[in-house]
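Each chain is listed here by its residues.
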Amino acid sequence: MLIFIIVLCVLAGILETLSYIYAMKGISYSSRPLTTPAEPNETFYIESTITNGTYLPKTYVRLSETIPYALVDTGDGMLESGKEHETSENTNVTMVLSNAGFSSKITIQRMTYDARLSSTLYMLPRQKIVRRIPVQFTRRGRFFLKGAYISCGDLLGFFSKTESFAVDEEIVIMPKRCENNAVLSTLGGFLGDVSVRRFIFEDPVLTIGIHEYTGTEPMKSIAWKQSARSDDIFVKKCDYTLEPTAAVILNVDHPTDISPTEIETELEYCFSIARVVCEALNAKGIKFSFMTNALAAGAEQIWPTARDGLGTAHLMAIFEGLGRSTYFPSKSFTELLDSATKKVEQGRSYILITPYVTPVHRQGISRLRLLSGLDVLMIVSSELDKEESAG
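Since this is a predicted model, take the numbers as computed values, not measurements.

A. Structural detail: the side chain of Ser151. Along the chain, the position of Ser151 falls in strand 11 (residues 148-153). Residue classification places Ser151 among the buried positions, given a relative accessible area of 13%.

Structure below.
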């Protein structure tokens, strides 16, 4: 009997030792946002997946995730995760794991800029637990998921090992829509003029190219000048609808003597204005391009120029760039206007959004107006009444 007990103790010791040595074996972790880019103040989910890839249970698993500044939906209300509070009420909340229907008590630890969500789990062999955390972001920007620390204990729960799991995922929050009545009214009138402009020309026929005569074209389509210079006969290729087009130019360059707080306020307002301008053009069916000198973090390959386009994909590409935009210009306002002037097109409408404007810049805008043959809609955020909002 004594020998049996000794053998049993030895086996238990071996199992305990092995369970500690291989405590983290088979554990994997991933995290991702289910919506990006997302609207400000929109509730969406951050999905975390933890997997036990072994054929042994994990009796003690402590998961500690770090998420960026956000409002966490506890079910009883939104708990602010990025600021310190006077009391510690509602720091412990219960959330349901999506795959199994059982609860896990999650402790939310508030830090300066992030929140740490900690919970203790019991994992069965080959089990995958998926947890969706409902969150809201109140401001525009680019945010990172910072991974997690996972601790797994031994068989008896005496000791534990901890490993960090990095996550290469980001969340992009788009700018809010501008609701300034003056902006919306001015924009509506300008776009109305753009939409009807095709009907005020005496000759709505637009020549878009020439091609060789095939024998089926009418005589009035022959391009006599081009035909006289060649041994062949050429005819004009025409478009009988003069399609309205526009270009949105966003400037983030600003004077150096402005306080950082004021600069941030004005630029955020410009981003919001740029959003409603693009949405209005798209709603009117007016193809538009987008041009800016704003540096966008993580979007250098697709920013800052978007060619003529329409539709959701065109809008979302621009909105994601606006969400990623920083307060640092890649070039000066003057250089941005020069770039726009070099690409100017007759008959294209231009909408310029800027926080500030000087007499020097107005000269460049006048040149753009002269070369395009149309008026330029200029929206200067610092000259707007911020209190005048729609609704």
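B. Focus on the side chain of His314. Residue placement: His314 occurs in helix 5 (residues 312-324). From its side chain, His314 meets the backbone oxygen of Phe288 in a polar contact 3.0 Å long.

C. Focus on the packing of aromatic side chains. A complete count under the given rule lists three aromatic pairs for this structure. Plain terms: the ring middles of Phe137 and Phe143 are 4.8 Å apart, the flat faces sit at 40° to each other, and that makes the pair tilted. Note on accessibility: Phe137 and Phe143 belong to one class, buried. Across from the ring centre of Tyr55, 4.9 Å away, lies the NZ or CZ of Arg126, which sits over that ring. If you follow Arg275 out to its NZ or CZ, it ends over the ring of Phe319, 5.0 Å from the centre.

D. Layout of the nonpolar core. Counting 36 residues, the largest nonpolar core has Leu250, Val277 and Leu281 as the members making the most contacts within it. Here this core gets 11 residues from one element, more than from any other, and that element is helix 4 (residues 260-284). Leave out the neighbours within four places in its chain, and Val277 touches Leu187, Val248, Ile351, Ile353 and Ile379. Within the second largest apolar cluster, 29 residues are counted, among which are Tyr29, Val61, Ala115 and Phe143.

E. View of the environment of Ser372. Here Ser372 lies in helix 7 (residues 359-372). Separated by 28 residues in sequence, Ser372 and Val344 have C-alpha atoms that sit 6.1 Å apart. Aside from chain neighbours lying at most four places away, what touches Ser372 is Val344, Glu345, Gln346, Gly347, Arg348 and Tyr350.

F. View of the packing of helix 4 against helix 5. At a minimum axis separation of 11 Å, helix 4 and helix 5 run at an interaxial angle of 180°. Considered as vectors, helix 4 and helix 5 are oriented roughly antiparallel to each other. Between helix 4, through Phe271, Ala274, Arg275, Cys278, Glu279 and Asn282, and helix 5, the contact on the second element is made entirely by Leu315, Ile318, Phe319 and Leu322. Of the residues in the contact of helix 4 with helix 5, the class split is seven nonpolar, one polar and two charged.

What counts and what doesn't
- Residues numbered from 1 in each chain as written.
- Predicted model: local features only at pLDDT ≥ 70, side-chain atom pairs only at ≥ 80, totals over all residues.
- Heavy atoms only, no water.
- Helix = DSSP H or I, 4+ residues; strand = E, 2+ residues; numbered from the N terminus.
- Buried < 20%, exposed > 50% of the residue type's maximum accessible area, 1.4 Å probe, protein only.
- Polar contact = N/O pair within 3.5 Å; in protein donor to acceptor, adjacent residues only side chain to side chain.
- Phe/Tyr/Trp six-rings, centres within 6.5 Å; stacked < 30°, edge-to-face > 60°.
- Lys NZ or Arg CZ within 6 Å of the ring centre and 35° of its normal.
- Core = buried A, V, L, I, M, F, W, Y, C linked by side-chain atoms within 4.5 Å.
- Contact = heavy atoms within 4.5 Å.
- Axes fitted to C-alpha atoms, helices over the stretch in contact; angles between N-to-C directions.
- Parallel < 35°, antiparallel > 145°, perpendicular 65-115°, else oblique.
- Nonpolar A, V, L, I, M, F, W, Y, C, P; charged D, E, K, R; others polar.

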